[in-house]
Amino acid sequence: MTPVIAARGLTKTFGDLTAVDGIDFEVPAGESFGLLGPNGAGKSTTMRMIGAVSSRSAGDLRVLGLDPDAHGPEIRSQLGVVPQEDNLDPELKVRENLIVYGRYFGIPRATCASRADELLTFAQLEDKARNKVDDLSGGMKRRLTIARALINEPRILMLDEPTTGLDPQARHVLWDRLFRLKERGTTLVLTTHYMDEAEQLCDRLVVVDHGRIMAEGSPSALIRQYASREVAELRFGSDRNAEAAARLEGMAERIEVLPDRVLLYTDDGEALLERVTDLGLHPTTSLVRRSSLEDVFLRLTGRSLIE
Amino acid sequence: MSTHTSGTPAGPTTEDPTARAMTAGALPRRLGWWYVAEHTWRAMRAYAWTIVMEGIGQPLVYLLGIGLGLAAFIDVSVADGANGPVTYLEFVAPALLASSAIGITMGEFTYVVMSGFKWRRLYWGMNASPVQPQQIVGGIVFAVVVRMLLTTIAYYVLIVAFGAVVDPWTGALMPLVGTLGGLAFGLPLLAYAASITEDKGQFAMVQRFVFTPLFLFSGTFYPLDTMPVWLQWIGWLSPLWHATEIGRSLSYGSPPGAWPVGVHLAILLVMAVTGWVLARRMFVKRLRG
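Basis of the calculations
- Residues numbered from 1 in each chain as written.
- Chains lettered and ligands numbered in written order.
- Predicted model: local features only at pLDDT ≥ 70, side-chain atom pairs only at ≥ 80, totals over all residues.
- Heavy atoms only, no water.
- Helix = DSSP H or I, 4+ residues; strand = E, 2+ residues; numbered from the N terminus.
- Contact = heavy atoms within 4.5 Å.
- Axes fitted to C-alpha atoms, helices over the stretch in contact; angles between N-to-C directions.
- Parallel < 35°, antiparallel > 145°, perpendicular 65-115°, else oblique.
- Left-handed = near helix turned anticlockwise from the far one by under 90°.
- Buried area = accessible area lost by both parts, 1.4 Å probe.
- Salt bridge = Lys/Arg side-chain N within 4 Å of Asp/Glu carboxyl O.
- Polar contact = N/O pair within 3.5 Å; in protein donor to acceptor, adjacent residues only side chain to side chain.
- Nonpolar A, V, L, I, M, F, W, Y, C, P; charged D, E, K, R; others polar.
- Phe/Tyr/Trp six-rings, centres within 6.5 Å; stacked < 30°, edge-to-face > 60°.
- Buried < 20%, exposed > 50% of the residue type's maximum accessible area, 1.4 Å probe, protein only.
- Lys NZ or Arg CZ within 6 Å of the ring centre and 35° of its normal.
- Patch = residues over 30% accessible without salt bridge, like charges linked within 9 Å, V, L, I, M, F, W, Y side chains within 5 Å.
- Areas by Shrake-Rupley, 256 points an atom, 1.4 Å probe, with all protein chains shown as cover.
- Lys, Arg positive; Asp, Glu negative; His and termini not counted.
- Charge placed at Lys NZ, Arg CZ, Asp CG, Glu CD.
- Pairing = 2+ DSSP bridges.
- Domains from an automatic or database assignment.
- Expected span 1.5 Å × (residues − 1).
- Core = buried A, V, L, I, M, F, W, Y, C linked by side-chain atoms within 4.5 Å.

**Q** It is not clear to me how the overall build of chain B should be interpreted in this structure. Could you clarify?
**A** A count of helices and strands for chain B gives twelve helices and two strands. Seen in sequence order, chain B has helices and strands lined up from the N terminus as α-α-β-β-α-α-α-α-α-α-α-α-α-α. In chain B, the share of contacts with a sequence separation of at least 24, taken over all contacts with a separation of at least 6, comes to 73%.

**Q** Could you clarify how one ought to interpret the packing of helix H2 (residues 48–73) of chain B against helix H3 (residues 88–108) of chain B in this entry?
**A** Residues and elements named next belong to chain B. In contact at an axis separation of 10 Å, H2 and H3 are set at 155° when each is read in the N-to-C sense. In terms of their interaxial angle, H2 and H3 are classed as roughly antiparallel. The handedness of the crossing between H2 and H3 comes out as right-handed. For the pair H2 and H3, contact is made by Tyr62, Leu63, Ile66, Gly67, Leu70 and Ala71 and by Tyr88, Leu89, Val92 and Leu96, respectively.

**Q** Please clarify how the interface of chain A and chain B should be interpreted in this entry.
**A** Interfaces are often sized by the amount of accessible area the parts lose when they come together. Residue-level contacts link 50 residues of chain A with 45 residues of chain B. Taking both sides of the interface into account, the surface hidden between chain A and chain B amounts to around 4300 Å²; carbon and sulfur atoms contribute 52%. Viewed at the interface, chain B and chain A are joined by seven salt bridges. We note a salt bridge from B:Glu38 to A:Arg109, for which the minimum N-O separation is 3.4 Å. Remark: the boundary between chain A and chain B carries 16 residue pairs in polar contact (both at pLDDT 80 or more). Looking at the side of chain A that touches chain B, the elements with two or more residues in it are strand S1 (5–14), strand S2 (17–27), helix H2 (72–76) and helix H3 (94–103) of chain A. Broken down by element, the residue count for the side of chain A that touches chain B peaks at four residues, all from H3(A). Grouping the constituent residues of the side of chain A that touches chain B by class yields 20 nonpolar, eleven polar and 19 charged.

**Q** Explain the packing of aromatic side chains here, please?
**A** Both the distance between ring centres and the angle between the ring planes are used here to describe each pair of aromatic rings. Following the criterion strictly, the structure yields 20 aromatic pairs over all chains and no others. Summarising the aromatic geometry, the rings of B:Phe211 and B:Phe215 are spaced 6.5 Å apart at their centres and angled 5° between planes, so their arrangement reads as stacked. Of this pair, B:Phe211 and B:Phe215 are both found in helix H9 (residues 202–217), four residues apart, which corresponds to roughly one turn of the helix. The pair B:Phe211 / B:Phe215 is uniform in exposure class, with both members buried. Through a chain of ring-to-ring contacts, the aromatic side chains of B:Tyr62, B:Phe185, B:Phe211, B:Phe215 and B:Phe221 assemble into a single cluster. The positively charged end of A:Arg177 is found above the aromatic ring belonging to A:Phe122, 5.6 Å away from the centroid. It is A:Arg254 that lies over the ring of A:Tyr265; its NZ or CZ is 4.3 Å from the centre.

**Q** Explain a negative patch on the surface here, please?
**A** A surface patch of negative charge is lined by A:Glu253, A:Asp267, A:Asp268, A:Glu270, A:Glu274 and A:Asp278. Its place among the elements puts A:Glu274 in helix H10 (residues 269–278).

**Q** Honestly, the sheet that holds strand S10 (residues 230–235) of chain A in this entry has me stumped. Any pointers?
**A** Picture the strands of a sheet paired through backbone hydrogen bonds; they go either parallel or antiparallel. Residues and elements named next belong to chain A. Read from one edge to the other, the open sheet built from four strands follows the order S11-S12-S10-S13, with strand pairing classed as antiparallel. Each having just a single partner strand, strand S11 (254–257) and strand S13 (285–290) make up the two edges of the open sheet. With strand direction ignored, the average angle separating the axes of adjacent strands in the sheet is 20°. Of the pairings in the sheet, the one linking S10 to S13 comprises six bridges and is antiparallel in character.

**Q** Even after reading the chapter, I still don't get the domain arrangement of chain A, so can you show me in this structure?
**A** Per the domain assignment, the segments making up chain A are domain 1 (5–223) and domain 2 (228–290). For domain 1 of chain A and domain 2 of chain A, the distance between their C-alpha centroids amounts to 39 Å.

**Q** I tried to follow H3(B) on my own but got confused; where do I start?
**A** The terminal C-alpha atoms of H3(B) lie 31 Å apart, and with 21 residues this matches the ideal 30 Å at 1.5 Å per residue to within 8%. Among the 21 residues in H3(B), 19 count as buried, and that is most of the element.

**Q** Is there a simple way to explain the nonpolar core in this structure?
**A** Ranked by size, the top nonpolar core spans 138 residues in total, and within it B:Ile159 and B:Phe283 carry the most contacts. The residues that make up this core include at least three from each of domain 1 (5–223) and domain 2 (228–290) of chain A. Look past the residues within four positions of B:Ile159 in its chain and what remains in contact with it is B:Leu63, B:Ala93, B:Leu97, B:Ala164, B:Val165 and B:Met174. Ranked by size, the runner-up nonpolar core spans 28 residues in total, among them A:Ile5, A:Ile23, A:Ile75 and A:Met158.

**Q** Just to check I follow, could you spell out unusual backbone geometry for this structure?
**A** Both trends apply: most residues other than glycine have a negative phi, and most peptide bonds are in trans. Residues and elements named next belong to chain A. Even without glycine at this site, glutamine 124 takes up a positive phi of about 55°. Along the chain, glutamine 124 falls in the loop between helix H4 (109–122) and helix H5 (138–149). Non-glycine residue glutamate 153 carries a positive phi angle of around 45°. Checked against the element boundaries, glutamate 153 lands in the loop between H5 and strand S6 (156–160). The partly exposed category is assigned to glutamate 153, whose relative accessible area is 34%.

**Q** Is there a simple way to think about the environment of B:His242 in this case?
**A** Residues and elements named next belong to chain B. The topology assignment puts histidine 242 in helix H11 (residues 239–252). Histidine 242 sits in the buried class, given a relative accessible area of 0%. Between the alpha carbons of histidine 242 and isoleucine 196 there is a distance of 28 Å; along the sequence they are 46 residues apart. Non-local contacts of histidine 242, meaning those with residues more than four positions away in its chain, are made with Gly235, Trp236, Trp259, His264, Ile267 and Leu268.

Following this line, the structure appears as C-alpha cells:
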C-alpha cells in the first residue's frame, strides 16, 4: 500500500536560513506519526509543506500520491488542520463555525449542518452549540478547532502542538478524543515538544533538531535504543553536582550532568542509589523513574527539550 | 521503512484516496471565492446595524443638512448641464454617493483585513482549506462590492427622492460608477493593508491624511477648478473626483468639466486593476510563504 505521505530530501529555506534540511520519512495510512523537537526545529515548516500551503525548496513530497505544488486544493480537501493558534471566528456561534468551515470544502449546507451536530457531540460541546466562541474555555476552543478540522472527514488530521497552553485536565480530555480518532483509523500527524504527549499518541515518531531527523522509531523503541530502562535523578546542590558526578564515574551506563541535577542511566535505579549511598555521597534529593523520550532527546542533542 | 496499518481508515474505505482527492478538490477550485464571500456576509451580520445606519442614515443627514441648509443658502445655479442649470444639491449628490462607496473600504479593506491576517487569523483557517489565496481575496472583494452596490443604490433612491438627480434614467448608472470609484480607492488600500504586519496606527493616518483630504479637495462641495492649480492635483489623483465627475455627467447629461468621461473611467479602471493585482500578489505572498 502506498504511504499517505512520502517525503524524500524535503528541504525548505528562507533566504540564508535552512528551516528543514533534507528530511526523509513516510507515513502509512492509519498511523499516528509525530514530529518531536524543540521550538524552531522545523516542525511547523514541515507541517505547512505537508499541508500544501508552503512550497518546498528542494526534494520530493507526495501527499495522498499527489504533488502539493500542483494539487494543493485536492490535497487540502482531504486534510484536517489544527493550527498552533486557534483561528475560530468569534463573530459566529460555535455551531456556525463548523458549518461555515465545511462550506470551504464545497460540502452542501445541509450535510455541513448534520455533521456539525455529530462533531459537537464528539467534541463534548453539544451544550455550547449556540454559544459565542469567546465564551468557551481554552480547552473547549481546542476541541472545537479539532471538530472543525474533521468537518470534511479528512484522511489525515494534522495537529500542530495540539495541547500547548492547556491545563493538565483539558489536555487529558483532548488526548482521549484524539485517541478515539486514532482507534477509528484516522491518520494523525502531530508535532509536539511534550514527551508525554508523544508517548500517549504516537505509534512512531521522528526526533527533529535543526531541521534534521536525529532518530526515528516508536516511543518505546527509541527509549530502548537511546536510554536505559531507568534513570536515577540526583541533586547535590547546584555547585556540587559536577564534583559529585566525577566521583560517580563508571557507576552507570551513562551520566548526564545538568545544571540542577545529575542523571544516571541504569537498568536498576534503586540498586544504584544504594551504591551511591555506600560511597558516602548524600544527595539532597533522589528520584528513580523510567526513562522517557526526554532522555532520548537529551542523548541525541545534548540539550533538554523544554528549556 | 515499516508499513503497518492499524484499524480502518476514516471515511469511505473502498475509494482510492488520490481519486477521492481529485474529485473533492474540483468544486472548491471553481467556487472557493464564493464560500469566502458567504462567510464575509455572515460576519457582516454582527455589524449589520452599522451598515444600515451608514447606508441610509448618513445620506439622510447629508441631504437634510446640505439640501435644507447649504443649498438654500447657495440659491443660484452652480453649473450648466445639457438639461439646463444645475442646483447646488444636484451638484453635490453624485459626490456624496461616490464617497459613500469609498467610505466602506475605509473599514472593510483596512482593520477587517488586518484582523483576518493577525488578530483573528481567519484567513489562515481559510488557507488550510482547499480555497486558494487568490480566491480568499476575490471573495472578500466580491462581498464588499455587493455591500457597496447595495449602499449606493440606497443612496441613489434617496437622492432621487430629494430631487437631487437631473436625469434619473442615466443617473441610475451612478451606483455602478460609485462602486468603481470605491474599488479604485479601495483595492490599492487592500493591498497596503495586506502588507502590514504590525499595527502602528497606519489606518488612522490613512483616514486623516488620505481619505479626509480627498473628501475635501476632490471637487466634492465646489468645482475642482475653483481651487488654485497647486491644489488641483489632489483631485486629479483622487478616485473620488473621477467617480464624481462621471456621476455628474450621468446626472446632468453632459460632462461638467474639461475632462472627457472616458478619461475619468480609464483612470479609475487603471487604479482598480493595479490595486487588484497588488492585493492578489500580497495575499499569495503572505499566506504561502
